[in-house]
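Residue strings, one per chain:
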Amino acid sequence: KEYRRRNIGRRLIEATIEKGVLLGLEKIELTVHASNEPAIALYRSLGFEEEGRRKRAWLVDGAYDDVLLMALELKHQRWASSIKIRVLTAEDDIAAITELLHRAYAPLAALGLRYSATHQSPEITAKRLFKGHPFAAESDGRIVGTITVYAPNPKASVAVYREPHTYHFGQFAVDPEFKGRGIGRMLHQAAVDYALSQGAHFLSLDTAVPAGDLIATYERWGYSVVERTHWGDTNYESVLMRRSIAK
């Protein structure tokens, strides 16, 4: 027990995934007790998805527990092996990153949602990136994704962004051409690792209430809604979501 909450389990699973990719495996499967919520959250954060459930499969201390069947498709991991995550700098092509954001957020713009990233200028992009700690996902020298992590702000208009040990992220995008390759998860993990290095206990975000698919993805990653607000420069109500990242 003294070695729990030290990220050892995550590293062992990541090593297993990497070995599976090297061996050319198609898929990794596992089973987990439905009551083991921390383990399920860990597996989901690594890309595993639920494929089935065996009801009343285990009898433990006189009580039955379901067993979840979870799996990870390794084809996405093969793509990810060629991606480099690095800190984004002022020397990077901000205009190209702005165009990437516009492309990534175009489906949301098509729904009538006026996210800033659907139309912001390169100047606004630079301001938002370097207000925090920005990361880039790079493939063969081309930036194909981005995420920026922000420290708590005592003057924020929403409570969760004022919390001393809660960091948040934004400017999160993956070029549509590179979607489905695990890049979003890699960027998110970089955000988690950086926030932890700064002493954060929680990571948070905001997104539009009508963006149901995004909300569902973040819920699978362990986030839950804690607050709602309406930003002055958007045309929709937003949810603020948070998850624990403490080891």
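Since the model is a prediction, treat every value here as computed from it, not as a measurement.

**Q** Would you mind going over the sheet that holds strand 4 (residues 84–87) in detail, with residue names and values included?
**A** Strand order in this open sheet of seven strands is 4-5-6-7-8-10-9, and the pairing throughout is mixed. Two strands close off the open sheet at either side, each with one partner strand: strand 4 and strand 9 (224–229). When the angles between neighbouring strand axes are averaged without regard to direction, this sheet yields 30°. Note that strand 6 (residues 142–150) and strand 7 (residues 166–174) share five bridges and pair antiparallel. Considered in strand 7, the bridge of threonine 148 is made with glycine 170. In the packing of helix 7 (residues 183–197) onto the sheet, contacts are made with strand 4, strand 5 (133–139), strand 6, strand 7, strand 8 (202–208) and strand 10 (238–244), and the angle to strand 7 comes to roughly 155°.

**Q** With reference to specific residues and values, describe the sheet that holds strand 1 (residues 27–33).
**A** A sheet is described by the order of its strands in space; here three strands give the open sequence 1-3-2, paired in antiparallel fashion. At either end of the open sheet lies a strand with only one pairing partner, and these are strand 1 and strand 2 (49–60). Across the sheet, the mean angle from the axis of one strand to that of its neighbour is 20°, orientation sign disregarded. By the bridge criterion, seven bridges tie strand 1 to strand 3 (residues 63–73) in an arrangement that is antiparallel. If you follow glutamate 29 over to strand 3, its bridge partner there is alanine 71. Sheet contacts for helix 2 (residues 37–45): strand 1, strand 2 and strand 3; angle to strand 1, the most-contacted strand, approximately 165°.

**Q** Residue-level account of the nonpolar core, with values.
**A** Ranked by internal contacts, the top residues of the largest apolar core, which has 28 residues, are Phe169, Ile183, Leu187, Leu203, Tyr218 and Tyr223. For this core, the elements supplying multiple residues, two or more each, are strand 5, strand 6, strand 7, helix 7, strand 8, helix 8 (212–220) and strand 10. The dominant element in this core, judged by the number of residues it contributes, is helix 7, at seven residues. When sequence neighbours within four positions are dropped, the list of residues in contact with phenylalanine 169 reads Ile147, Thr148, Val149, Tyr150, His188, Leu203, Ser204, Leu205, Tyr218 and Tyr223. With 18 residues, the next largest nonpolar core counts Ile94, Ile97, Leu113 and Ala136 among its residues.

**Q** Could you give me a rundown of the pattern of salt bridges, with the residues and numbers involved?
**A** Applying the stated criterion across every chain, the model contains 13 salt bridges. Residue aspartate 92 is joined to arginine 86 by a salt bridge in which the shortest nitrogen-to-oxygen separation is 2.7 Å. Side by side, aspartate 92 and arginine 86 carry an identical accessibility label, which is buried. Across the pair aspartate 175 and arginine 103 runs a salt bridge whose closest N-O atoms are separated by 2.6 Å. Placement of the pair is aspartate 175 in the loop between strand 7 and helix 7 and arginine 103 in helix 4 (residues 94–110), with a sequence separation of 72 residues. The exposure class of aspartate 175 is buried, given its relative accessible area of 3%.

Parameters at a glance
Residues numbered from 1 in each chain as written. Predicted model: local features only at pLDDT ≥ 70, side-chain atom pairs only at ≥ 80, totals over all residues. Heavy atoms only, no water. Pairing = 2+ DSSP bridges. Helix = DSSP H or I, 4+ residues; strand = E, 2+ residues; numbered from the N terminus. Axes fitted to C-alpha atoms, helices over the stretch in contact; angles between N-to-C directions. Contact = heavy atoms within 4.5 Å. Core = buried A, V, L, I, M, F, W, Y, C linked by side-chain atoms within 4.5 Å. Buried < 20%, exposed > 50% of the residue type's maximum accessible area, 1.4 Å probe, protein only. Salt bridge = Lys/Arg side-chain N within 4 Å of Asp/Glu carboxyl O.

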